[in-house]
Amino acid sequence: MSDEPNRDQTDKANEQVSRTAANDESAAGSSALSAARGLSRPKATTSGDRTRARASAPQGTVTRGDVVEINQGGAEQVEARKLTVSQGGIGQAQADAITVRQGGIGRARGGTIDVSQGGVGLARGERISVQFGGLGAGLARDVRLSQGVAGTIVANEVHLEQAGVRTLVARTVHADGGTGVVFLFAQRVEGSVRTLFDWRAGLAFGAAFGLVAGLVRRRR
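The shown structure was predicted, so the numbers you read here are calculated from the model rather than taken from an experiment.

### Observations regarding the overall build of the protein
Here's step 1: Summing up its helical and strand segments, the protein has two helices and 12 strands in all.
Here's step 2: Along its sequence from the N terminus, the protein presents helices and strands in the succession α-β-β-β-β-β-β-β-β-β-β-β-β-α.
Here's step 3: For the protein, buried positions account for 49% of its 220 residues.
Here's step 4: For the protein, the share of sequence-separated contacts (at least 6 apart) that also reach a separation of at least 24 residues comes to 18%.
Here's step 5: Split by element, the accessible area of the protein, about 10300 Å² in all, is 44% carbon and sulfur.

Next comes the structure, spelled out in structure tokens:
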């Protein structure tokens, strides 16, 4: 396989990147949002700068607080410094630190996003970590995916461990032998990764990165 894709191959691949990013984010996001809306009526308590929500807030309500914890409940939209979701669902969330345990978020934006046994439709942050979970589309400086699946990932550095990714755009990829990627755009790959379409060239990487980053910005 040639390391340098021709222009037709690059254009077709970039179109595929754009389509899959939108589809992956929409499908995973709808699932998490449905979970949030399907929970019971509101029953939240506030103590000092900490907000605990154990049931879903009314549609259209924005839950704000320094530290917000959602346990076996849900919310349409949350804005906080620190957010923790346990067995719950949120439509949209923005926080410096987001932790999800057995829960889901439609769209998450934060400094660090840590997901375990849960899922996020669209995640944007400095660092994204997903373990035993799923990610529709993720855009970050550093992404770590362990024993999970992702639709589209765009990042400077990606670490994969026994993971599956449909479309991956990264400067550097670290992968183990149990990882598979359908469409791979990378400048450097360390480790062993199974791929169906592999383009390791600056032209393909730059074009794909720009397309997906622009798509994610428009869907914020």
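### Here we look at the nonpolar core
Here's step 1: L83, I98, I105, I153, L160, L168 and V173 are the most contacted members of the largest nonpolar core, which has 40 residues in total.
Here's step 2: Sequence-distant contacts of I153, that is, excluding residues within four places in its chain, are made with L135, G138, V143, L145, V158, V165, T167, L168 and V169.
Here's step 3: Judged by nonpolar contacts, the second largest core, of six residues, contains V154, F183, F185 and W199.

### So, the pattern of salt bridges
Here's step 1: Overall, the coordinates contain six salt bridges when judged by the stated rule.
Here's step 2: We note a salt bridge from D66 to R81, for which the minimum N-O separation is 2.9 Å. A residue pair is termed long-range when its members are at least 10 positions apart, and D66 in strand β3 (residues 62-71) and R81 in strand β4 (residues 74-86) qualify at 15 residues.
Here's step 3: Taking the relative accessible area as the measure of exposure, D66 reaches 28% and is therefore partly exposed.

### With respect to the environment of V67
Here's step 1: Note that V67 resides in strand β3.
Here's step 2: Its relative accessible area of 7% is what places V67 among the buried residues.
Here's step 3: Between the alpha carbons of V67 and E79 there is a distance of 9.3 Å; along the sequence they are 12 residues apart.

### Focus on unusual backbone geometry
Here's step 1: Unlike most non-glycine residues, Q87 shows phi in positive territory, near 55 degrees.
Here's step 2: Position of Q87 among the secondary structure elements: in the loop between β4 and β5 (89-101).
Here's step 3: In this structure, Q162 takes a positive phi of about 50 degrees despite not being glycine.

### Quick notes on the confidence of the model for the protein
Here's step 1: Residue-level pLDDT values for the protein average 77, and 63% of them are 70 or greater.
Here's step 2: Counting interchain partners and residues more than four positions distant, the pLDDT-below-50 stretch residues 53-57 has 27 contacts.

### Considering the environment of V173
Here's step 1: Tracing the backbone through its elements, the reader meets V173 in strand β10 (residues 164-175).
Here's step 2: Accessibility expressed as a relative area gives 1% for V173, which makes it buried.
Here's step 3: As a C-alpha pair, V173 and E157 span 16 residues in sequence and 6.0 Å in three-dimensional space.
Here's step 4: The contact partners of V173, leaving out residues within four places of it in the chain, are V158, L160, L168, L184, A186, R188, V189 and E190.

What counts, and at which threshold
What you see as residue numbers is a count from 1 along each chain, following the sequence as written. With the structure being a predicted model, the display of local features is reserved for residues of pLDDT at least 70 and the display and counting of side-chain atom pairs for 80 or more, all residues being used for whole-chain, interface and lining totals. Excluded from the side-chain calculation are hydrogens and water; included are all heavy atoms of the structure. Strands here are runs of E lasting at least two residues and helices are runs of H or I lasting at least four, both read from the DSSP assignment and numbered beginning at the N terminus. Only protein chains enter the accessibility calculation, which uses a 1.4 Å probe. A residue is then buried if its area is under 20% of the maximum for its type, exposed if over 50%, and partly exposed in between. For this analysis, residues touch if any pair of their heavy atoms sits within 4.5 Å. Method for areas: the Shrake-Rupley scheme with a 1.4 Å probe, in which residue coverage is limited to the protein chains shown. Among buried residues, those of type Ala, Val, Leu, Ile, Met, Phe, Trp, Tyr and Cys that are joined through side-chain atoms within 4.5 Å constitute a nonpolar core. In the sections that follow, a salt bridge refers to a side-chain nitrogen of Lys or Arg positioned within 4 Å of a carboxyl oxygen of Asp or Glu. Residue-level confidence of the predictor is summarised by pLDDT, bounded by 0 at the bottom and 100 at the top.

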